Amino acid sequence: MLVREIKENELDKLLELYTHLHEKGIPEKNEHLRSVWDKICGDENHHIIVCEKDGKIVSSCVCVIIPNLTREIRPYAFVENVVTHSDYRGKGYATACLDYAKVLAIKENCYKMMLLTGSKNESTLKFYKKAGYNSNDKTAFIMWL
């Protein structure tokens, strides 16, 4: 198992993995997709972490470091799009991605990490609690646009 940040030429592999998250398919390859990918790759605060097993990307999460003017001007980290290929679940790959994100957040002097999940599945919630996240300190509100 190798945990690392994604390479610019691995977009297709990531998009395929996202079909195991909630995507119904791979988006059309067009200028908009390329523009968004280039923007992500060029943003030093946007980290796409992947776990590779036998040369295949099997798990991933996004960790965005957000500059902040409070908490002694310390940034915070936001974790999103945690996913593991359905054939590789339960083997610690997502945990390894989250651990990598935590190391990044500590290195960047973040004062907290936040993660939202839409899952109500008890095993998913236990997974995030075991990874060190809690649902007691904050209340999340979502406005879908």
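Residues numbered from 1 in each chain as written. Predicted model: local features only at pLDDT ≥ 70, side-chain atom pairs only at ≥ 80, totals over all residues. Heavy atoms only, no water.

### Regarding the environment of I40
Turning to step 1, where the next piece is worked out: The topology assignment puts I40 in helix α2 (residues 31-42).
Turning to step 2, where the next piece is worked out: Along the backbone, I40 and C63 are 23 residues apart, and their C-alpha atoms lie at a distance of 11 Å.
Turning to step 3, where the next piece is worked out: Apart from residues no more than four positions distant in its own chain, I40 is found in contact with H46 and I48. (Helix = DSSP H or I, 4+ residues; strand = E, 2+ residues; numbered from the N terminus. Contact = heavy atoms within 4.5 Å.)

### Things to note about the pairing of strand β3 (residues 56-66)
Turning to step 1, where the next piece is worked out: Extensive coverage of β3 is indicated by the burial of eight of its 11 residues.
Turning to step 2, where the next piece is worked out: Remark: two residues form the turn of the hairpin made by strand β2 (residues 46-53) and β3, two consecutive strands paired antiparallel; D54 in that turn has positive phi of roughly 55 degrees.
Turning to step 3, where the next piece is worked out: Where β3 and strand β4 (residues 76-84) come together, seven bridges link them in antiparallel fashion. By the bridge assignment for β4, I65 is matched with A77. (Buried < 20%, exposed > 50% of the residue type's maximum accessible area, 1.4 Å probe, protein only. Pairing = 2+ DSSP bridges.)

### Re the pattern of salt bridges
Turning to step 1, where the next piece is worked out: On inspection of all chains with the given rule, the structure shows four salt bridges.
Turning to step 2, where the next piece is worked out: Between E10 and R4 there is a salt bridge; the shortest N-O distance is 2.7 Å. For the pair formed by E10 and R4, the shared burial category is buried.
Turning to step 3, where the next piece is worked out: Note that D12 is salt-bridged to K29, the shortest N-O span being 3.0 Å. With D12 in helix α1 (residues 11-18) and K29 in the loop between α1 and α2, the pair connects residues that are 17 residues apart, well separated along the chain.
Turning to step 4, where the next piece is worked out: Exposure remark for D12: the relative accessible area of 43% places this residue in the partly exposed category.
Turning to step 5, where the next piece is worked out: Its relative accessible area of 57% is what places K29 among the exposed residues. (Salt bridge = Lys/Arg side-chain N within 4 Å of Asp/Glu carboxyl O.)

### Some thoughts on the sheet that holds strand β5 (residues 113-115)
Turning to step 1, where the next piece is worked out: Spatial strand order, β1-β2-β3-β4-β5: five strands in an open sheet with mixed pairing. The open sheet is flanked by β1 (2-5) and β5, the only strands paired with a single partner. Averaged over all pairs of adjacent strands, the angle between their axes in this sheet comes to 25 degrees, without regard to strand direction.
Turning to step 2, where the next piece is worked out: Sheet contacts for α1: β2, β3 and β4; angle to β3, the most-contacted strand, approximately 95 degrees.
Turning to step 3, where the next piece is worked out: Along the sheet face, helix α3 (residues 93-107) touches β1, β2, β3, β4 and β5 and points at about 25 degrees away from the line of β3. (Axes fitted to C-alpha atoms, helices over the stretch in contact; angles between N-to-C directions.)

### A word on the side chain of S59
Turning to step 1, where the next piece is worked out: Checked against the element boundaries, S59 lands in strand β3.
Turning to step 2, where the next piece is worked out: The contact partners of S59, leaving out residues within four places of it in the chain, are L17, I49, V50, C51, V83, T84, Y93, A94 and C97.

### Notes on the packing of aromatic side chains
Turning to step 1, where the next piece is worked out: The full count for this structure, using the stated rule, is three aromatic pairs.
Turning to step 2, where the next piece is worked out: For the ring pair Y76 and Y111, a centre distance of 6.4 Å and an interplane angle of 75 degrees mean the geometry is edge-to-face. Residue Y76 is located in strand β4, and its partner Y111 is located in the loop between α3 and β5; the two are separated by 35 residues in the primary sequence.
Turning to step 3, where the next piece is worked out: A relative accessible area of 19% means that Y76 is categorised as buried.
Turning to step 4, where the next piece is worked out: In this structure Y111 comes out as partly exposed when scored by relative accessible area, which is 24%.
Turning to step 5, where the next piece is worked out: Above the plane of the ring of Y76 lies K112, whose end atom (NZ or CZ) is 5.4 Å from the centre. (Phe/Tyr/Trp six-rings, centres within 6.5 Å; stacked < 30°, edge-to-face > 60°. Lys NZ or Arg CZ within 6 Å of the ring centre and 35° of its normal.)

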